[in-house]
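# Reading the structure
Take a look at the letters that make up each chain.
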Amino acid sequence: MAKIKHNNFLDTVNDVFTDAIDEGILHLYAEGESFSGRTIGLKNRELFHFGTTGYLGLEQDPRLKEAAIKAIRKYGTQFPLSKSYISNPLYKELEEKVTEMYQNPVVITKNSTLGHMGVIPSAVRDQDAIILDHQVHWSVQSAAKVLKTRSVPIEMIRHNDLNMLEDKIKALSNGRKRIWYMADGIYSMFGDYAPIKELKTLSLKYPQLHLYFDDVHGMSWIGKNGTGYVLSELDELSENMLLFGTLSKTFGASGSVLVCSNKKMYHEIKTFGGPLTFSAQLEPASVAAATASANIHLSTEIYQLQNELKEKIQYFNELVARTDLPLIDKNNSPVFFIGTGMPKTGYNFVNRMMKEGFYVNLGLFPAVPVKNTGVRITISRHNQIQEIKALVEAMEYHLPKAIEDTHTSLHRVCEAFKLETKQKSDETSHDKLNLQLESSISKIDKNTWNALVGKNGIQDWDGLRFLEKTFTDHQLVEHNWDFWYLIIYDQQEVPILATVISSSLWKDDMLANVTASKTIETQRLSEPYYMTSKVLSLGSLFTEGDHLYIDDNHPLKIDALNKLMETLETLEQRSSSKMVSLRDFSLDDGLHSYFQGHGFIRIKMPSSCKVTLLNQDTIESYITRLSSRSRKHLRKDILTNEPLLKTSVLKELDETQLKHVKELYDNVRRNNLGLNTFSYPSALFENMSKDPNWEFITIESKEDPSNFIGVMFCFKNNGSLTYVPSLVGIDYDHLDKYQTYRQLLYQTIKRAIDLNFRHIDFGLTASFEKKKLGAIVEEKHAYIQTSDNYTLELMGLLESK
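Residues numbered from 1 in each chain as written. Predicted model: local features only at pLDDT ≥ 70, side-chain atom pairs only at ≥ 80, totals over all residues. Heavy atoms only, no water.

Moving on: the packing of aromatic side chains. Per the stated rule, a full pass over the model turns up 28 aromatic pairs. Plain terms: the ring middles of Phe 190 and Phe 417 are 6.5 Å apart, the flat faces sit at 65 degrees to each other, and that makes the pair edge-to-face. With Phe 190 in the loop between β6 (179-184) and α7 (196-205) and Phe 417 in the loop between α15 (410-416) and β14 (433-438), the pair connects residues that are 227 residues apart, well separated along the chain. Look at Phe 190 and you get buried, because its relative accessible area is 12%. Members of the aromatic cluster, each reached through a chain of ring pairs, are Phe 466, Phe 471, Trp 481, Phe 483, Phe 542, Tyr 665, Tyr 680, Phe 685, Trp 694, Phe 696, Phe 713 and Phe 715. (Phe/Tyr/Trp six-rings, centres within 6.5 Å; stacked < 30°, edge-to-face > 60°. Helix = DSSP H or I, 4+ residues; strand = E, 2+ residues; numbered from the N terminus. Buried < 20%, exposed > 50% of the residue type's maximum accessible area, 1.4 Å probe, protein only.)

Position of Asn 372 relative to the elements: it lies in the loop between β12 (361-363) and β13 (373-378). By relative accessible area, which is 5% here, Asn 372 ends up buried. Here the side chain of Asn 372 touches Ala 416 through a polar contact of 3.0 Å, landing on its backbone oxygen. (Polar contact = N/O pair within 3.5 Å; in protein donor to acceptor, adjacent residues only side chain to side chain.)

So, about helix α6 (residues 162-173). Side chains three or four residues apart in an α-helix point the same way, a direct result of the helix having 3.6 residues per turn. If you check α6, its first and last C-alpha atoms are 16 Å apart, about what twelve residues at 1.5 Å a residue would give, namely 16 Å. Turning to α6, its buried residues are Met 164, Leu 165, Glu 166, Lys 168, Ile 169 and Leu 172. With a side-chain oxygen positioned 3.3 Å from the backbone nitrogen of Asn 163, the residue opening α6 is Asp 161. (Expected span 1.5 Å × (residues − 1).)

Here the focus is the pairing of strand β19 (residues 579-586). Within a regular beta strand, the side chains point alternately toward one face of the sheet and then the other, so they alternate between its two faces. The buried fraction of β19 is high, at eight of eight residues. As defined by bridge partners, strand β17 (residues 532-538) adjoins β19 across three bridges and the pair is classed as parallel. Following the sheet pairing, Leu 536 is matched in β19 by Val 580. In the sheet, β19 pairs with strand β26 (residues 776-786) via six bridges, with the strands oriented antiparallel. (Pairing = 2+ DSSP bridges.)

The subject of this paragraph is unusual backbone geometry. A negative phi angle is the norm for most residues apart from glycine, just as the trans form is the norm for most peptide bonds. Between Phe 365 and the following residue, Pro 366, the backbone shows a cis peptide bond with an omega angle of 10 degrees. Residue placement: Pro 366 occurs in the loop between β12 and β13. Unusually for a residue other than glycine, Ser 576 sits at a positive phi of about 55 degrees. In this fold, Ser 576 is placed in the loop between α19 (557-574) and β19.

Reading across the sheet, the seven strands line up as β3-β9-β8-β7-β6-β4-β5 and stay open at both edges, with mixed pairing between neighbours. The open sheet has two edge strands, β3 (106-109) and β5 (154-157), and neither has a second partner. Along the sheet, successive strands turn relative to each other by an average axial angle of 20 degrees, direction set aside. Alignment of β3 against strand β9 (residues 256-260), held across four bridges, turns out to be antiparallel. What sits directly across from Val 107, in β9, is Leu 258. Where helix α5 (residues 138-145) meets the sheet, its contacts fall on β4 (129-133), β5, β6 and β7 (209-214), and the angle it forms with β4 comes to roughly 160 degrees. (Axes fitted to C-alpha atoms, helices over the stretch in contact; angles between N-to-C directions. Contact = heavy atoms within 4.5 Å.)

A surface patch of nonpolar side chains, about 340 Å² in accessible area, is lined by Leu 81, Tyr 85 and Ile 86. Position of Tyr 85 among the secondary structure elements: in the loop between α2 (62-75) and α3 (91-102). Take Tyr 85: its relative accessible area is 67%, and that puts it in the exposed class. (Patch = residues over 30% accessible without salt bridge, like charges linked within 9 Å, V, L, I, M, F, W, Y side chains within 5 Å. Areas by Shrake-Rupley, 256 points an atom, 1.4 Å probe, with all protein chains shown as cover. Salt bridge = Lys/Arg side-chain N within 4 Å of Asp/Glu carboxyl O.)

What follows concerns the packing of helix α13 (residues 343-356) against helix α14 (residues 385-405). The contact between α13 and α14 brings their axes to 9 Å, and the two run at 140 degrees. Of the possible angle classes, the one that applies to α13 and α14 is oblique. Seen along the crossing, α13 lies across α14 with a hand that is right-handed. Residues Thr 345, Asn 348, Phe 349, Arg 352, Met 353 and Glu 356 of α13 form the contact with α14, whose participating residues are Leu 391, Ala 394, Met 395, His 398, Leu 399, Lys 401, Ala 402, Ile 403 and Asp 405. Of the residues contributing to the contact of α13 with α14, the split by class is eight nonpolar, three polar and four charged. (Parallel < 35°, antiparallel > 145°, perpendicular 65-115°, else oblique. Left-handed = near helix turned anticlockwise from the far one by under 90°. Nonpolar A, V, L, I, M, F, W, Y, C, P; charged D, E, K, R; others polar.)

Further remarks concern the confidence of the model for the protein. The pLDDT averaged across the protein works out to 91; a share of 95% of its residues lies at or above 70. This stretch, residues 425-429, has a pLDDT under 50; its non-local contacts, to residues over four places away or in other chains, come to eleven contacts. (pLDDT = per-residue confidence, 0-100.)

This part takes up helix α9 (residues 263-271). Along α9, the positions that sit buried rather than exposed are Met 265, Tyr 266 and Ile 269. For α9, the angular spread of the buried residues around the axis is 100 degrees, confining them to a single face. Of the exposed residues in α9, the ones pointing more than 90 degrees away from its buried face are Lys 263, Lys 264 and His 267. Backbone nitrogen of Lys 264 and a side-chain oxygen of the N-cap are separated by 3.2 Å at the start of α9; the cap is Asn 262. (Arc of directions from axis to C-beta.)

Right, let's get into the side chain of Ser 188. Here Ser 188 shows up in the loop between β6 and α7. Filtering out sequence-adjacent residues up to four positions away, Ser 188 remains in contact with His 137, His 217, Val 335 and Arg 376.

Further remarks concern the pattern of salt bridges. The full count for this structure, using the stated rule, is 43 salt bridges. Ionic pairing is found between Glu 778 and Lys 780, a salt bridge with its closest N-O pair at 3.9 Å. Several salt bridges share partner residues, and in doing so they unite Lys 636, Asp 637, Arg 742, Glu 769 and Lys 772 into one network.

Pairing of strand β1 (residues 39-42) with strand β2 (residues 45-49) involves four bridges; the strand directions are antiparallel. Its bridge partner lying in β2, Leu 42 is registered against Arg 45. In textbook terms, the turn of a hairpin is the stretch between consecutive antiparallel strands, and for β1 and β2 this stretch comprises two residues, one of which, Lys 43, has a positive phi near 55 degrees. As paired elements, β2 and strand β11 (residues 358-359) share two bridges and run parallel to each other. Considered in β11, the bridge of Phe 48 is made with Phe 358.

Here it is as structure tokens:
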């Protein structure tokens, strides 16, 4: 498999959001001349509002409104001056009130995003390191990653994984002064908590560890003076902690607040905090409303409001507990998440709920992994008991309907979130389809397979039998692969869909940047399987090209695709795979919307390179079809060196030669950490030498013919007359002198012509070099599905996030 290009994060998000916008879920406009918080106007209807983050309803409190109106009349709509010079007259009282709430120094910021951008680069020094929980809010991640330009290491761990966090701390402790762990107090999608007490204990064990919490969703509804979830779990805010709260959302006004007990650090941040210095200050209305809210927080009234909300949260929990609704995290926060699994099920469910009279949020990528799409429900004081009851009843009715409409099942939804379900598997019936799923190609009819999938690469019957034989019964787990062969027929036994599927061990950093892989490889010297995972894939790590046959004109095409999705989920569970990869699709495959709706994100791959040869072609006639520029390149870099080299086509290699060609291949593998894979077993090369469908194009220097300086490992797909150079090996000491790689490409073309083959599958790498020799280049992409955005981040697929 070739190196996948780092995907543009914005392109991926644009794909996902565009689908949701088209489905009428995102970028909506509220309607109406007033707003109560209890209902919201959408699409000419009044819907009960279960999507607010104003959990206590303070944004509708008359005291906040009157304070804001009064401030505008006295001070205008804004105070257009940097706080570094002069603060609005109302600011002093607000800062005093919020300081009293927290019993610690505070910095008021315009919003939490600007706050993080100002605080993180100021608090984190060049000698420090950062570890991010992979579900920490985007605004924290974005601000932290700015520090990459200062060479501050930015690591990431799986959500709430304290063992992984401790491993990262140990790895960073020798070379870094302070190690910052950044997390949310309450996570905004699932409503689950950070393990605050355990993190505090860890910071006592490792004094270098500093904690940075974004607790904006934990604010007001819990804690003394409504200071939030984090402080409700701690006796005090230690000097090795920074805490962000909010003055918006449930606080009812606007802005955010940094709390810092370290006086030296507080002074540095407040004196010069980047955006805190240069961005506009809060408007007078916001400052006044926040002060009014602070007065409520400093009174006993805040506990009355908290208890009212708590009763409604408990009522919602009691109702949901009586149902089979897949509640992802059972907690006492105002945030809940009902899983739908696939995005298209989420679209259907949200639209059904809106038609029923309820507004709920759709939680989708990148806030959650694509296959963990669901509906976020928030409970507020605005919601009435009878409305909460009606909401749960509507969800209990409509979720099964949405599941049925989108050809999935409650069992599959629960599997996506690793939940237990009260129901047995209720997979959608496909009575019109017959499925053949085999674990060996020997159980598939050879002619049928070759007519469907076997026209491409080494995916013919003989090539796959070779791979089965090669990647089995080895001592090392990475050399043992599982294969499945799927054909879906209609009732007349007409094939609709066919594919080959494999499961094997991948390095989690296989597609990460080289620097990251070098660091991880150091750890693997003592832990060979550090950061590795099973991956289920169409095709395999060894194959390239089209792996999926589908009859686009068959009326049961979608039913067959649905059955493929079910089969992949079953095999994912059976093989304990952590990710599913659908590989090597053209940009115009017509499947993008379908795969995205089923929880896959599209990523770019290197371009595919193919050569088409004419009947009775010769190397001379082929060269005449090249461009003048390509012919010049051929003469200068290839034909000039050809007389200096001995080129051979070998069917078999002796033991010494086999050892040497494996070393040449390993040279190439080790030289490309951008595609960080395990080595192949020696049996691969030994089996090639024994198999009549494989041959070796070797190059030796006539000046020193003692050893090969280059080798191309080539497969002959005789059924489709396709020549497949699958692997390359190079002695880099001779690369520049003889242009070895280019010479191997040229000799591959000559060999295919000698065999009278019609096609050369040059694969996915080095498209620039192959294009110069006449290859046609086609853009390719893959679809990736995982329940863990951490994996995508690590693999470099979300690198621009």
